[in-house]
Amino acid sequence: MNSMNFFKRKVKEPQSETISEVTVPEENPVQEASFDEMPEAESEVMPEAESEEMPEAESALIQEMEPEVLAEKTEEPAKKGFFQRLKDGLSKTRNNIVAGIDSVFSGFSQIDDDFYEELEEILIMGDIGVRTTEEIIDKLKEQVKANHIKVPQECKALLIQDIKEQMRVEETAYEFEKQQSVVFVIGVNGVGKTTTVGKLAAILKGQGKKVLIASCDTFRAAASEQLKEWANRAGVDIISGAEGSDPASVLYDAVNAAKARHVDVLLCDTAGRLHNKKNLMEELKKMHRIIERELPDAKRENLIVLDGTTGQNALAQAREFSQAAPLSGIVLTKMDGTAKGGIAIAIQSELQIPVKFIGVGEKLEDLQYFDADTFVEALFDRGEEKEAEC
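What you are looking at is a predicted structure, and each value in this text was computed from that prediction instead of being measured. (Residues numbered from 1 in each chain as written. Predicted model: local features only at pLDDT ≥ 70, side-chain atom pairs only at ≥ 80, totals over all residues. Heavy atoms only, no water.)

Structurally, S91 can be placed in helix α7 (residues 91–107). Under the relative-accessibility criterion, S91 is labelled partly exposed at 24%. Put simply, S91 and F380 are 289 residues apart on the chain and 9.5 Å apart in space, counted from C-alpha to C-alpha. (Helix = DSSP H or I, 4+ residues; strand = E, 2+ residues; numbered from the N terminus. Buried < 20%, exposed > 50% of the residue type's maximum accessible area, 1.4 Å probe, protein only.)

Here it is, written out as structure tokens:
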């Protein structure tokens, strides 16, 4: 910005008269005034020969730069589809896992123990996890033997298919959308619980559902205000309480409102809690008892939100939370720039808890249903990157 201001100020000054006639006698009052306006450092550094050419060069530079800057401000970028955004977001994971897998398949001429060991190491390093990796490798060995495959490249498609099958979500995973339901959104602070509630509300509202949000995170400062903003964006109602109030009382009010307004889905944002925070975990159990008593026929859904950038730590969180509350699904957030996207494979395989939603950005539409085929295709699609390498 400073360099642009300098260019513009210089263009406003007389060009040839001021700079080229630095050697004019000092009696000329007009030249003295123009010369004095220049910073002292500039008058000392600029040689006469360069002074004659600078104004034209600067003026031309400004003429070239300003239209480009204007174009950048007015031109709207082309809107990308979710698959492309997912693919872009998984680029770090792709470089971390898939590039290594490709090097193994191209670097070995035969399938032997060294081949399997190298492949196993890359999968583990890609946050797919030891247990899941062992299952994938064992199944691959069986398929290679059964199909009499000798060349590594020929079993790559089998590996991709095995990973898809590890992650496939049953059709019954979204039954809560088809009947009156209560959805608890849980997880530690900072993973994106509040924004996930707002985005889920938008998805359900788009399906014609009547949605109500219960702002039960009364511990975190400004949590309720943040959720109100997301509720406004999604166009749904919200029930909240004062900061520091009892979350169970807020939920109770929300349940009564849901019954009175014939709400289809009640979304409950909860306080960020760790598995070792006993009081908070007990509070969560208390809230579940309220639902059992007040809405016994409602479908129950417990979604845990996990930050995809935390890798194996996300898996540990899901494992601990599952001991305190029966988890029915996982929302993986911040998948738009993580090198640890392989954790999605590990979570679903090891815990047998389906990844139901995946987030790749901050906008309402950036939370989408998880699809194993789409995810794995985006993970392994290196077409454009290979072209760039050539």
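Residues L251, L267 and F375 are the most contacted members of the largest nonpolar core, which totals 101 residues. The element best represented in this core is helix α13 (residues 247–260), accounting for 7 residues. Setting aside anything within four residues of it in sequence, one finds L251 in contact with F184, C216, L266, C268, M287, I290 and I291. (Core = buried A, V, L, I, M, F, W, Y, C linked by side-chain atoms within 4.5 Å. Contact = heavy atoms within 4.5 Å.)

What follows deals with helix α16 (residues 343–351). Counting buried residues along α16, 9 of its 9 residues qualify, which places the element largely inside the surrounding structure. Those residues of α16 lying buried are I343, A344, I345, A346, I347, Q348, S349, E350 and L351.

Moving on, we come to the side chain of D269. Along the polypeptide, D269 turns up in strand β4 (residues 265–269). In this structure D269 is buried but unpaired, with K193 as the nearest side chain of opposite charge at 5.1 Å. Among the polar contacts made by the side chain of D269, one reaches the side chain of T194 at a distance of 3.3 Å. Leave out the neighbours within four places in its chain, and D269 touches V185, K193, T194, V197, A214, S215, C216, D217 and L227. (Lys, Arg positive; Asp, Glu negative; His and termini not counted. Salt bridge = Lys/Arg side-chain N within 4 Å of Asp/Glu carboxyl O. Polar contact = N/O pair within 3.5 Å; in protein donor to acceptor, adjacent residues only side chain to side chain.)

With that settled, consider the pattern of salt bridges. Side chains that differ in charge, positive against negative, can pair when their charged atoms come close. Within the structure shown, the criterion is met by 16 salt bridges. Put simply, D246 and K286 hold a salt bridge, and the shortest N to O gap is 3.5 Å. Here the residue D246 occupies a position in the loop between β3 (237–240) and α13, and K286 occupies one in helix α14 (residues 278–294), the gap between them amounting to 40 residues. Overall, D246 belongs to the partly exposed group, its relative accessible area being 33%.

You can see E283 is positioned in helix α14. Residue E283 is classed as buried on the basis of its relative accessible area of 14%. The spatial distance from the C-alpha of E283 to the C-alpha of D246 is 9.2 Å, given a sequence separation of 37 residues.

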